[in-house]
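# Fold and contact review
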Amino acid sequence: MASSQLVKVLIVDDDNFTRRIYKTMLFRFCFEITEVEDGKNAIQQFVDGNEYDLVLMDKHMPNMDGVEATRTLRGMGIPVKIVAITDDASSKDTFMDAGADKFLLKPLTFSMLTDILKSFNFLN
Amino acid sequence: MDYVHLRRQAASLRKGLFDQGYLDEQFYQLEDLQDDASPNFVEEVVTLFFRDSARLMANIDQALDKCVKDFNKLDVYMQQLKGSCTSIGASRMKTECTAFRECCRDENIEGCMRSFQKIKREHSVLRQKLESYFQLLRQAGPVECATRPNK
């Protein structure tokens, strides 16, 4: 887990309102949330020394897509839990091969999110 | 002002949006996220959706205007738009986005153009209806005794 007991989540999605939805869901758990618009900025967060417990990763984004970002993070040795969330069902294998821990199809519902958080033991 | 009447109008408008297929159950998810901490959450995300989707649609318009059609680019834009529609529950728009993407795969530019016109119409109608709905809600004011809307 990232230092301190607060679960730190990085939302990576180029849609403003998708990030807003995820943030509202995650606020219910009092998590610490950071959001970025693309894979490149997601990588930069880790390069800058930030630590996260969970990344919610979209696929189709400008500058760097979610698969490439996932692959890059794993290549950097970053062990953060990565959940791919996309409406592109065909990208599941690619995402998992790149090192994602879970793959979910959009739309993300609150119950789906809760199940994921439980599976990672982020809910006490 | 007859607040009960306004609330009934809002409820009727909302029901119509589901009955006529403009919205699907994903919209309920958004409504469920609205609470005292985020009292205007649904309207906020709907506003963000229409702002972002308008930008995407302008990109698609530009791409369709070009002499040389880049079907891959069009498909990427439309996939983004479809993803947005999915997240908000904009069911009719989502269906038209799927049709557009099929035309891209077939490199059928006329089909893309027709489909895009439908998307624009659905976008416009949904926007108008949701704006009317939220206006009614604002006029009706907060409900003293919170009741779950009929689903």
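Here, the structure is the one placed above.
Because the structure is a prediction, the values reported are computed rather than measured.

## Brief notes about the interface of chain A and chain B
The interface of chain A with chain B comprises 18 residues on the first partner and 23 residues on the second. Buried surface at the junction of chain A and chain B, both sides included, amounts to about 1,800 Å², of which 54% is carbon and sulfur. Notably, a salt bridge pairs Arg28 of chain A with Asp35 of chain B, separated by 3.4 Å at the nearest N-O pair. On inspection of chain A and its partner chain B, the count reaches ten residue pairs in polar contact (both at pLDDT 80 or more).

## Quick word on the sheet that holds strand β3 (residues 54–57) of chain A
All names here are of chain A. The strand order across the open sheet built from five strands is β2-β1-β3-β4-β5, with neighbouring strands paired in parallel fashion. Pairing within the sheet leaves two strands with one partner each, and these edge strands are β2 (32–36) and β5 (102–105). Neighbour-to-neighbour, the strand axes of this sheet turn through a mean angle of 20 degrees, independent of strand direction. Two strands pair when backbone bridges link them, and strand β1 (residues 8–12) and β3 are joined in this way by four bridges, in the parallel orientation. Pairing of Leu10 across the sheet is with Val55, part of β3. The strands touched by helix α2 (residues 39–47) are β1, β2 and β3; relative to β1, the strand with the most contacts, the crossing angle is about 155 degrees. Helix α5 (residues 110–119) rests against β3, β4 (81–86) and β5 of the sheet, and its axis sits at about 175 degrees to β5.

Reading the values: the criteria
- Residues numbered from 1 in each chain as written.
- Chains lettered and ligands numbered in written order.
- Predicted model: local features only at pLDDT ≥ 70, side-chain atom pairs only at ≥ 80, totals over all residues.
- Heavy atoms only, no water.
- Contact = heavy atoms within 4.5 Å.
- Buried area = accessible area lost by both parts, 1.4 Å probe.
- Salt bridge = Lys/Arg side-chain N within 4 Å of Asp/Glu carboxyl O.
- Polar contact = N/O pair within 3.5 Å; in protein donor to acceptor, adjacent residues only side chain to side chain.
- Pairing = 2+ DSSP bridges.
- Helix = DSSP H or I, 4+ residues; strand = E, 2+ residues; numbered from the N terminus.
- Axes fitted to C-alpha atoms, helices over the stretch in contact; angles between N-to-C directions.

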